[in-house]
Amino acid sequence: MTLQPKTDVLAQYGLAVSELQDQLAIALGGEVAGQFYQGDRRTDIVVRLPEARRTDMDRLKYLPIQLANDSAVPLQELATMKLVEGFNQINRENGKRRVFVTANVRGRDLGSFVSDIQAKIKDSVDIPVGYWVEYGGTYQKLQSASKRLTLVVPITLIMIVGLLLLALGSFKDALIIFTGVPLALTGGVLFLLMRDIPFSISAAVGFIALSGIAILNGLVMVSFIRELIHDGLSVEKVYC
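Below: a short report on this structure. Since this is a predicted model, take the numbers as computed values, not measurements. (Residues numbered from 1 in each chain as written. Predicted model: local features only at pLDDT ≥ 70, side-chain atom pairs only at ≥ 80, totals over all residues. Heavy atoms only, no water.)

**What about helix α8 (residues 171-178)?**
Among the residues of α8, D173, A174, I177 and F178 are the ones counted as buried. Summarising the axial view, the buried residues of α8 lie within an arc of 140°, below the 170-degree limit, and thus occupy one face. Exposed side of α8, more than 90 degrees from the buried face: F171 and K172 are the residues found there. The inward-facing, buried residues of α8 contact α7 (138-168), α9 (180-195) and α10 (201-230). For α8, the side-chain oxygen to backbone nitrogen distance between the N-cap and K172 is 3.4 Å, and the N-cap itself is S170. (Buried < 20%, exposed > 50% of the residue type's maximum accessible area, 1.4 Å probe, protein only. Helix = DSSP H or I, 4+ residues; strand = E, 2+ residues; numbered from the N terminus. Arc of directions from axis to C-beta. Contact = heavy atoms within 4.5 Å. Polar contact = N/O pair within 3.5 Å; in protein donor to acceptor, adjacent residues only side chain to side chain.)

This is how it looks when you write it as structure tokens:
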């Protein structure tokens, strides 16, 4: 419900817009007029129109607005009332209005979905000056996790190579073990393609675990081979 004050009529009656707003605020929103005491309990006494009158636009037009000379004028003479489509709640952040548009993504990965939305908005939507678009929720977490993974994964792989060098004392054996990582990841990617599963943070974490298993298997195999060679078997017999 929108009320547009008739400034010329208000001027004739000597009524300011703020005074009209104050009376409407009391009638529709209510105002504390006192307090009711019941023992130790204290309850506010709120003055406002009954629910039936506040929601009935036809009856609300006849709401008497008090003037300075103790007379009253119906609201419909002082303001134009109409129903328009709008937001039932206005959210604010940093002193500015904020509108949320939510969506649930199914059947595809979230990253490509947001990329398509960004391309559509860039091509089809003319954003006025002072407005901007942000992408939050799960996508924001995805971006944060992706940035962390791009930093954590290389550092982890380098640390693994270093630990292998310390454990085996051979750069050649460390590299042999480390070759299991790309082979394992290749199998994981092929499996995702075969199952038509989109790549996600969960899949990335699974790839990290898969890399660890591949390195562990390679370390066990190389350690066993080195132990057999140490016991006197030749390289040809070991690999046969």
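**Structural notes on the nonpolar core**
In terms of nonpolar packing, the biggest core is built from 17 residues, with L15, L20, L63, I65, L75 and L78 touching the most fellow members. Per-element tally for this core: the top contributor is helix α2 (residues 17-29), with three residues. Setting aside chain neighbours within four positions, we find I65 in contact with L15, L20, Q23, S71, A72, V73, L75 and L78. Of all hydrophobic cores here, the second largest spans nine residues; its members include L164, L168, I177 and F178. (Core = buried A, V, L, I, M, F, W, Y, C linked by side-chain atoms within 4.5 Å.)

**Focus: the pairing of strand β3 (residues 41-47)**
Moving residue by residue along a regular strand, the side chains alternate between the two faces of the sheet. Two strands pair when backbone bridges link them, and strand β2 (residues 31-38) and β3 are joined in this way by seven bridges, in the antiparallel orientation. Bridging from a neighbouring strand, Q35 pairs with D44 of β3. Connecting the antiparallel pair β2 and β3 is a turn made up of two residues, with G39 showing a positive phi of about 65°. (Pairing = 2+ DSSP bridges.)

**What about the side chain of S211?**
In this structure, S211 sits in helix α10. The exposure class of S211 is buried, given its relative accessible area of 8%. In this view, S211 contacts V181 and L185; residues no more than four positions away in its chain are not counted.

By themselves, these are just geometric observations and shouldn't be taken as functional.
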